[in-house]
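Residue-level structural notes
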Number of protein chains: 4
Amino acid sequence: MAGNSFGDLFRISSFGESHGTGIGVVIDGCPAGLAIDTEFIQKQLDRRKPGQSHITTQRKEEDELEILSGVYEGKSTGAPLTLFIKNQDQRPEDYGHLETAYRPSHADFTYQQKYAIRDVRGGGRSSARETAARVMAGAIAQLILQHYGITIQAYVSQVGLIKVNADHTQLDLNSGEENIVRCPDQKIANEMIHLIEEIKKTGDTIGGVVSCVINHVPVGLGEPVFDKLQADFAKAMLSINAAKGFDFGSGFEGLGMKGSEHNDIFESKIDLKGHPSFNTKTNHSGGIQGGISNGETIYFRVAFKPVSTIMQSQDSVDKDGNKVSLEGKGRHDPCVVPRAVPIVEAMAALVLVDHFLRNKTARL
Amino acid sequence: MAGNSFGDLFRISSFGESHGTGIGVVIDGCPAGLAIDTEFIQKQLDRRKPGQSHITTQRKEEDELEILSGVYEGKSTGAPLTLFIKNQDQRPEDYGHLETAYRPSHADFTYQQKYAIRDVRGGGRSSARETAARVMAGAIAQLILQHYGITIQAYVSQVGLIKVNADHTQLDLNSGEENIVRCPDQKIANEMIHLIEEIKKTGDTIGGVVSCVINHVPVGLGEPVFDKLQADFAKAMLSINAAKGFDFGSGFEGLGMKGSEHNDIFESKIDLKGHPSFNTKTNHSGGIQGGISNGETIYFRVAFKPVSTIMQSQDSVDKDGNKVSLEGKGRHDPCVVPRAVPIVEAMAALVLVDHFLRNKTARL
Amino acid sequence: MAGNSFGDLFRISSFGESHGTGIGVVIDGCPAGLAIDTEFIQKQLDRRKPGQSHITTQRKEEDELEILSGVYEGKSTGAPLTLFIKNQDQRPEDYGHLETAYRPSHADFTYQQKYAIRDVRGGGRSSARETAARVMAGAIAQLILQHYGITIQAYVSQVGLIKVNADHTQLDLNSGEENIVRCPDQKIANEMIHLIEEIKKTGDTIGGVVSCVINHVPVGLGEPVFDKLQADFAKAMLSINAAKGFDFGSGFEGLGMKGSEHNDIFESKIDLKGHPSFNTKTNHSGGIQGGISNGETIYFRVAFKPVSTIMQSQDSVDKDGNKVSLEGKGRHDPCVVPRAVPIVEAMAALVLVDHFLRNKTARL
Amino acid sequence: MAGNSFGDLFRISSFGESHGTGIGVVIDGCPAGLAIDTEFIQKQLDRRKPGQSHITTQRKEEDELEILSGVYEGKSTGAPLTLFIKNQDQRPEDYGHLETAYRPSHADFTYQQKYAIRDVRGGGRSSARETAARVMAGAIAQLILQHYGITIQAYVSQVGLIKVNADHTQLDLNSGEENIVRCPDQKIANEMIHLIEEIKKTGDTIGGVVSCVINHVPVGLGEPVFDKLQADFAKAMLSINAAKGFDFGSGFEGLGMKGSEHNDIFESKIDLKGHPSFNTKTNHSGGIQGGISNGETIYFRVAFKPVSTIMQSQDSVDKDGNKVSLEGKGRHDPCVVPRAVPIVEAMAALVLVDHFLRNKTARL
C-alpha cells in the first residue's frame, strides 16, 4: 500500500508536486452535514503559505482554495471532498542545476534510488509544498472538532537553543499568532526572531520545536494496542517534512522523575445527581493513559531540524558519482517552525477526528 | 478499524490478556519458504520474560512458544503463522482489590470509560504482557531481515538521568547483553544497576531510554508522504507500553546545529566497472532522507516513563468516585527499560520487514 | 496485504490448516459489552461440521469451541476475541499419495506454483475446513445482529438441476432445518436428497445453489461507490470454497424484464405524528439501491460447483509433469450445499455487522 | 472506512459528482517508470462516454483527460497519479423536479436516508458518470498489464433475452468493437440493436450481460482465503452501477454437471531442458483454482439490470411521503451494457494489477 493516504475512517489522500499543476487532497469519510467554512480553510492555508513575513521564504503563492467535489449547498454530502490549490510563481529555471546533482540531506538521492526517476522541479513530491494538502484536510477536520468543542493550538516553543521555559498552562496560547515566529512568550519571541534574522544573513538555517496543546478532548479516544492515540500522533508528526522527534506529556524531559512523582493522582467530583466525574491532579500523562484520552489536556512536542536548503556553497555529487559544487538558489525558509505551526495543528486534527469516528463503534 | 493489527503487507494481529488463556499473534503476509527457527524465537521471548534478574519483576512465566498454524516441515507456507504462549503463574488474587479502583497512570480509568467493561485481572489487555506477542512476531521479522543481512541492535542508553555519553559508533553493541541492564558501556551499566537497586528498595520506579541501531538496510525503504520510514518507526515505538518519546538521527539534541553543520555531505566511490556507490560523511539524518532509507545506519531513541505500579501506598478513587488508598501488590519492574530492549528490536523489525515488502512494488 | 483478513471495522483474521493444530479466528473490533453465547456459536459449528447425515462426509470432527481471548465474565471487552477449535480425527495417511500429484480442480497446483511449498495434508490452508473460522466469527456477528433484530436465513434452493420454484416470500424458511438437505420445500428436499444419494453411489458429486434472505435490515447500510452492500456480499460469497456465482434481487434471472417492470415503486405511510415511512411495492432491487440497504428484504443466491474430490479414478500429473492416476480416498461430501448454508449465513453476517458499524459515522 | 477507494497496493480513490466540477481519480501505488499513454486513456474514456451512437444517451460530454499529478516527462514517478475530466453540458434544470421526489429504483431514497442530505443534480455521486473515474484508473492499470502481455477483452453477450450462444473460445473478440452494441457475434449484435431500438421507442429500458475474457495471466495471482481472485472480481463487478450478478467459469450455468465432468484434468509438457509446463484440458474453473490464477483463460459474466430512468410516467413519493408522478426527462441510455464494456474491463484491470503487485511478496 503506497503511503499517500492517512487515517482509517477520516481518510485523506494527498496528491500533487511542487511545480506541477497543483496540490490537492481527497477526503473520504467526512461525515455528511458539515458546514464547509471556506474562509476558515483559506485562513489556515494563509498561515502556512510562503512569504508571510521577512523571516520566511519569499516565494509567493496565492494558494487559493478550490473545491472540486463533495459539497452541496455549502455542506458535506458524505461523498469524497476534494480540495485543490493551483501552483503559481513557478521558476523551474531555479532547479535546472539539480537535474543530476543530489542536494545534501534532501530527498533527491533516495527518491532517485527508490523510483529510478525523479521530478527534479522543486523537489517534486518531496517538497514541503505537499503540506498544503494536509493543511486543507486538517482544516476540515478542525471544523468537525470545533463542532464538538475540541480546540487545538500549536506554537513555537524553541528555535535553535532559545526555548520557552514556561509551561503551556502558564501561557496565553492565543497570543502566539501575534508575532511572526508564532511564540506566545513575546520576550522569547523577539529573541527567536533576532536569531532567525542573524541566521538568514549568513545564508544558513536553524531548527526548533513546535508544541501542541489540545483541550476538551472527550475520554475514550485511542485504539489499543497499536493505534494508541500517542502512537498515531507520533506517526502524524514524524511524517511532516524535517520532523526529527516527538514526545508527549513528561516526554524525554521527565526521565529524572520517579514513579511516585510521575503518577497522576485521580480526583473525583460527584454532582447533585450522584454521578462522579474524574480528573487528575497532575498531568504528566499528557492526557493519554493506556493509549486512550483521559479527558485532561493533551500536549506534545515536535522537533524540526534546520532546513537543508542553505544559501551557501556546498559540496556534493551527481548521479554518476562526480563531485559537484551546489550554490544555494531559490527562495527558502531560514527556519521552518513558524510555518510548521498550522501543519502540526492540521495533522493533530486529522488524528483526532479519525479516532473520534473510530470510537463511535467501541461499545454495543 | 480496531487497533490490534500492525503493518500492511507483513500484518500482525495481536491477541490475549495478562491473565487469560495466553498471549498470541497471527502473522498474515509472511513470505513462504522462511525457515522458522523456533530456538531463536524462544530466545527473544526469554529476553523479554519477567524474572530474568533481581532488577526485573519476579513474576515467573515460562512463556513457552507454541506454533498453532502456518508452518509445514519447518518452513512458512504463505498461510497465516500463529504463535502462542500460555499464561501461567497467575495470581488473580493480587488484583481483587482493583476491581473498582483506578490505579494512577494506568489504563484502568480509560478502558472502563471507553468500553464500559474492563478485565481487571492484571490490567487485562492493557498489560505489558501483551508485548510478548510483538516479540514473537518480531522474531519472525528478524529471521527475514537476517536472510537479507540486516541487523538490529537495541540497548539501554539512559536510566533516570544516568546516560551513556558515547555515540553508538563508539560502542560495542554486542556487549549490551553482557549485563543485566543491557547497556553496552559496562561502567555506566553498573551505575544504572545500582540506581535501579536503590529505587527498588524504596518501592519506587524509574524510567529511561532505549536506543536502537540498524545496519545494512538497503536504500529505498519508506513510502512518502505519510508512511515515511521514521513515521512508522515513531508509531511502532509509541505504541509500546510506557513509551513517551521518539527521535531519530540528530533528534531533539541536534537543535543547536545550523543547516550548514547538520547537512550530511554526499561522497561517492566508483568501482572498476564505473558504477558509483554513495555514502554520507556524517549521519545526522539517521539513515533516512525524505522518508526513505539512504543506506547509512538508522538510529533512534525511545523514552520510557517510570513504571506506574509502585510498591508504595497511593491515593486514588474508585469507579463511583469514592476515595481509596492503593497498596502496591503483585510483582513488578522497578525499571522497564532492560526488558524493553527486545520489544524495541521486535517493533523495529516489524516496521522494516513491512517496508521491505512494500518496496518490492516501487518500480515497474 | 495478505488475504486472510476480512472486514474493516469488524475485522476477522482466520488461521489454521486442515491437519495442523486447529482452526481459529481473531476478531478485532467486536463492540464491548456483547454477551458471548457460546452455545449459539457451538450450534453454528455443529451445523457446519462433517458427519451430520448420510449425505455429508463421514469425517468426524467434534469441533469444540475454545475461547482464547477477549471475554471477561461472559462479555466482550473490546479486546480481540479469539475462537479456536482443535483438529481431531486426522488421517494424514489418506494424503500421502498427494504429496507430488496435483488433484484436478483443487488448489494443489496453484498453491505449489505461488508459494513453492505446500502443506499437502488435506489441502492444508485451502481445505474447506477453514470455513469453520468463518462460522465462529459469523456467529459472533449474528449475536450482534440479533441484538438489533436483524435475521439471516439461508437455505438450499437448488441441487444439480432440481430447483425450488417458490419465491422466498412463499416459503417457511424456518422449516429448512427440518431436513438434511436444508431445503424449506419438503417435496423438493426429498428429490434433492434422492439425487445426492444416487450421485454418492457412483462416487461422483453435484453442485447447487444456496439462497439467503435477510430481514429487518435498517436503511442506510453500504458505502458507495466501491463498498456497495451488494459488492461486499459478492466478495464474501465468492471467497467461499467452491462458490462460482452470486446474484441479488432480480439477478441473472430478471434479464427479460423491462425497466418499467423492474422498477420498484415507492409507497409511503404517514403515522399519527405526521412522520412518513417508506416501502416499495415490489422488491426486484433485493433490498439494496445505490449500494445502500433500503429497508426491504435483502436476498441473494450463491452457486456452488460440484466438489472436486470424487471417489473415482482420475488422470492427472505430478509436479514433475509425470502422468499419474488418482484414486479417490478420504471422506468427502457428495454435495457441498447443505453444509454451505451456515457458511453463507456467517459470511452474510460478517458483511452486515461491518457495514452496521461503518454506518455509525455517516453523519455529523 | 468510507467506500470510495479500491485496491490495496494499486489503490484508487474516486471523487466527483455528475453535475459538479468534474470527475477524478487519484491512484496511489502506480509503479514508477510507466509510460503514460494519454491517447490510450482518452480512447477508453471515449468508449465509455455518452452520445457514441443512437442507442446510447444523447448527453454530450467531451470527457477530456487532464493529468493533475504524478507524471514527469511522460512517465509515472511513484507519486500519486491524478486524472480528471471536467463536467460540461450540464442541464441542472433537468433535475429540479427531483429535489424532493424519490425516483424508483434509484439511489435518491437511500442516499437521503443515510446522509440526510443529497446532491440532487443528476444523482450527484450516485450517477453512473462516476464510472469515468474507474475507466481512467483502469486504463493506467491496463497499461501496466500490457507491459506484461496480459489482455482483457469484454463484450456484450446478452441483451434482454437475446444471447450469444457461442463460447468465448469460438468468437473473434476483437470484432466486438465493430458494432455499436459491442457484441462479437454480428448476427446476434443486429438482433440486440433492433431490440434496443424498439425498447427506446417506448421510452423503456432493458438489461443484459457483459462477458469478460482475460488471457496470458501468470500463474499465482490471488490471495486466499478471503482475497481470492474471483472474490475480488466479484466485488469489483458488483460495485458497478446497475450490476446484479457475477459468475465465473462454469458459473450458474454449470449446475447440471457432475464433479467427474466438471473437473479440469491437468496435462503437462516437458521442454528440452526437462522443465514441465502445465495446462488443463477443459477450463470449467475459469482460470482460477483455490482462489489463484492457474494460467488458463479467466472468464466471467456480469449481469446488468434495465436502467431505472425511463421516459415514461411513473408513480412515486417525495421525502414527506406525498404521492408524486414523475415524468422521464433528461437524456438516458435505453440499455447500459454497450457502455458498460469498458467499465468492466477497467475494473478487471484494477483487480489484476493489484493482485499482480501483491503477488510480488508471496515468497522469500
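A quick note: this is a predicted structure, and the numbers were derived from the prediction, not measured.

Here is what the cut-offs are and how they apply
Residues numbered from 1 in each chain as written. Chains lettered and ligands numbered in written order. Predicted model: local features only at pLDDT ≥ 70, side-chain atom pairs only at ≥ 80, totals over all residues. Heavy atoms only, no water. Helix = DSSP H or I, 4+ residues; strand = E, 2+ residues; numbered from the N terminus. Expected span 1.5 Å × (residues − 1). Buried < 20%, exposed > 50% of the residue type's maximum accessible area, 1.4 Å probe, protein only. Pairing = 2+ DSSP bridges. Least-squares fit on C-alpha atoms with pLDDT ≥ 70 in both. Contact = heavy atoms within 4.5 Å. Core = buried A, V, L, I, M, F, W, Y, C linked by side-chain atoms within 4.5 Å. Salt bridge = Lys/Arg side-chain N within 4 Å of Asp/Glu carboxyl O. Phe/Tyr/Trp six-rings, centres within 6.5 Å; stacked < 30°, edge-to-face > 60°. Buried area = accessible area lost by both parts, 1.4 Å probe. Polar contact = N/O pair within 3.5 Å; in protein donor to acceptor, adjacent residues only side chain to side chain. Nonpolar A, V, L, I, M, F, W, Y, C, P; charged D, E, K, R; others polar. Axes fitted to C-alpha atoms, helices over the stretch in contact; angles between N-to-C directions. Left-handed = near helix turned anticlockwise from the far one by under 90°. pLDDT = per-residue confidence, 0-100. Parallel < 35°, antiparallel > 145°, perpendicular 65-115°, else oblique.

Some points on helix α7 (residues 337-358) of chain D
If you check α7(D), its first and last C-alpha atoms are 31 Å apart, about what 22 residues at 1.5 Å a residue would give, namely 32 Å. Counting buried positions along α7(D) gives 22 out of 22 residues, so the element sits mostly inside the fold.

Here's the deal with the pairing of strand β18 (residues 314-318) of chain D
Residues and elements named next belong to chain D. Among the 5 residues in β18, 4 count as buried, and that is most of the element. Looking at chain direction, strand β8 (residues 101-102) and β18 are connected through 2 bridges and run antiparallel. Its bridge partner being in β18, Y102 is matched across the sheet by V317. Where β18 meets strand β19 (residues 323-326), 4 bridges bridge the pair, whose relative direction is antiparallel. Within β19, the residue paired with V317 across the bridge is K323.

Looking at the relation of the copies chain B and chain A
Mapping chain B onto chain A calls for a rotation angle of 180° and an axial translation of 0.0 Å; the resulting RMSD is 0.0 Å. Overall, the copies show the geometry of a two-fold rotation axis. Nearest to the rotation axis, the C-alpha of K235(B) is located 2.4 Å from it, this being the minimum over chain B. Same-surface contact between copies: 100% of interface residues of chain B are shared with the interface of chain A.

What about the nonpolar core?
Counting residues in hydrophobic clusters, the biggest one holds 362 residues, and the most contacted among them are F233(A), F300(A), F233(B), F300(B), F300(C) and F300(D). With near-sequence residues (within four places) excluded, F300(B) lies in contact with V210(B), S211(B), C212(B), I214(B), F233(B), M237(B), F246(B), D247(B), F248(B), V344(B) and A348(B).

What to know about the pairing of strand β9 (residues 151-159) of chain C
Residues and elements named next belong to chain C. Of all 9 residues in β9, 7 are buried; the element is thus mostly enclosed. Here 2 bridges tie β9 to strand β10 (residues 162-163), and the two strands are oriented antiparallel to one another. Bridging across to β10, V159 finds its partner in I162. Count of turn residues in the β9/β10 antiparallel hairpin: 2 residues, of which G160 carries a positive phi of about 55°.

Examining the relation of the copies chain D and chain C
The two copies are related by a screw operation: chain D maps onto chain C through 180° of rotation and 0.0 Å of translation along the axis, at an RMSD of 0.0 Å. In this assembly, 100% of the residues forming the interface of chain D have copies in chain C that are likewise at the interface, indicating an isologous arrangement.

Overview of the pattern of salt bridges
For the coordinates displayed, the defined rule picks out 96 salt bridges over all chains. The residue K49(B) makes a salt bridge to E62(B) at a minimum N-O spacing of 3.8 Å. With K49(B) in the loop between α1 (38-48) and β4 (65-69) and E62(B) in the loop between α1 and β4, this residue pair connects regions lying 13 residues apart in the sequence. Put simply, R301(C) and E253(C) hold a salt bridge, and the shortest N to O gap is 3.4 Å. Of the two residues, R301(C) is situated in strand β17 (residues 298-304) and E253(C) in the loop between β12 (243-248) and α6 (259-262); the sequence distance between them amounts to 48 residues.

Let's talk about the packing of aromatic side chains
Under the counting rule described, the total for this entry stands at 50 aromatic pairs over all chains. Ring geometry for F109(C) against F266(D): centres 5.2 Å apart, planes inclined by 55°, an arrangement best described as tilted. Here F109(C), found in helix α2 (residues 108-115), pairs with F266(D), found in strand β13 (residues 266-270), and the two come from separate chains. Residue F109(C) is classed as buried on the basis of its relative accessible area, which comes to 3%. Ring centres of F252(C) and F252(D) lie 5.6 Å apart, and the angle between their planes is 55°; this geometry places the pair in the tilted category. Of this pair, F252(C) sits in the loop between β12 and α6 while F252(D) sits in the loop between β12 (243-248) and α6 (259-262), placing the two residues on different chains. There is no split in this pair, since F252(C) and F252(D) are both buried.

Some words on the interface of chain B and chain A
Counting residues at the interface gives 108 residues for chain B, matched by 109 residues for chain A. It is K114(B), F226(B) and K244(B) in chain B that bury the most area against chain A; as a group they hold 11% of the surface buried on that side. The tally of links from chain B across to chain A stands at 6 salt bridges. Close ionic contact of D227(B) with K235(A) constitutes a salt bridge, the shortest N to O distance being 2.6 Å. Summed over the shared surface of chain B and chain A, the number is 51 residue pairs in polar contact (both at pLDDT 80 or more). Tallied by class, residues from the side of chain B that touches chain A come to 43 nonpolar, 40 polar and 25 charged.

Regarding the packing of helix α5 (residues 229-238) of chain D against α7(D)
All names here are of chain D. Two elements in contact, α5 and α7, have axes separated by 9 Å at closest approach and are oriented at 145°. Here α5 runs over α7; the crossing is right-handed. Only V344, M347, A348, V351, L352, H355 and R358 of α7 make contact with α5, whose side of the interface consists of L229, D232, F233, A236 and M237. Class assignment of the residues belonging to the contact of α5 with α7 gives a composition of 9 nonpolar, 1 polar and 2 charged.

A look at the sheet that holds strand β19 (residues 323-326) of chain A
If you walk across this open sheet you meet the 3 strands as β8-β18-β19 (chain A), and the pairing is antiparallel. What marks the edges here is a single partner per strand, and that holds for β8 (101-102) and β19 of chain A.

With respect to the interface of chain D and chain C
Residue-level contacts link 109 residues of chain D with 109 residues of chain C. Carbon and sulfur atoms supply 60% of the area that chain D and chain C bury against each other, a total of about 8,400 Å² over both sides. Our count for the chain D to chain C interface comes out at 6 salt bridges. The tally of links between chain D and chain C comes to 51 residue pairs in polar contact (both at pLDDT 80 or more). Looking at side-chain class alone, the side of chain D that touches chain C contains 44 nonpolar, 40 polar and 25 charged residues.

Side note on the confidence of the model for chain A
Confidence in the prediction for chain A averages 94 pLDDT; 96% of positions are at 70 or higher. As scored by the predictor, the complex reaches a pTM of 0.97 and an ipTM of 0.97.

Here we look at unusual backbone geometry
Across the junction of P224(B) and V225(B), the peptide omega takes the value 5°, indicating a cis bond. Of note, V225(B) is situated in the loop between β11 (208-215) and α5 (229-238). Residue A242(A) is not a glycine yet carries a positive backbone phi of 75°. Turning to its location among the elements, A242(A) is positioned in the loop between α5 (229-238) and β12 (243-248). Not every positive phi belongs to a glycine, and H216(D) is a case in point at roughly 65°. Relative to the helices and strands, H216(D) is located in the loop between β11 (208-215) and α5.

Here's the deal with helix α1 (residues 38-48) of chain C
All names here are of chain C. Among the residues of α1, F40, I41, Q42, Q44, L45, R47 and R48 are the ones counted as buried. Those residues of α1 that are buried are in contact with β4 (65-69), β7 (81-86), α3 (131-147) and α7 (337-358). The residue sitting at the N-terminus of α1 and contributing the capping side-chain oxygen is D37; that oxygen lies 3.2 Å from the backbone nitrogen of E39.

Quick look at the sheet that holds strand β8 (residues 101-102) of chain C
Within the open sheet, the 3 strands sit side by side as β8-β18-β19 (chain C). Their pairing is antiparallel. At either end of the open sheet lies a strand with only one pairing partner, and these are β8 and β19 (323-326) of chain C.

Regarding the packing of helix α3 (residues 131-147) of chain D against α7(D)
Residues and elements named next belong to chain D. Here α3 crosses α7 at 55°, and the two axes come no closer than 7 Å. With respect to α7, the element α3 is oriented oblique. Pair α3 / α7 crosses with left-handed handedness. Contacts from T131, R134, V135, A137, G138, A141, Q142, I144 and L145 in α3 reach P342, I343, E345, A346, M347, A349, L350, L352 and V353 in α7. Considering only residue class, the contact of α3 with α7 consists of 13 nonpolar, 3 polar and 2 charged.

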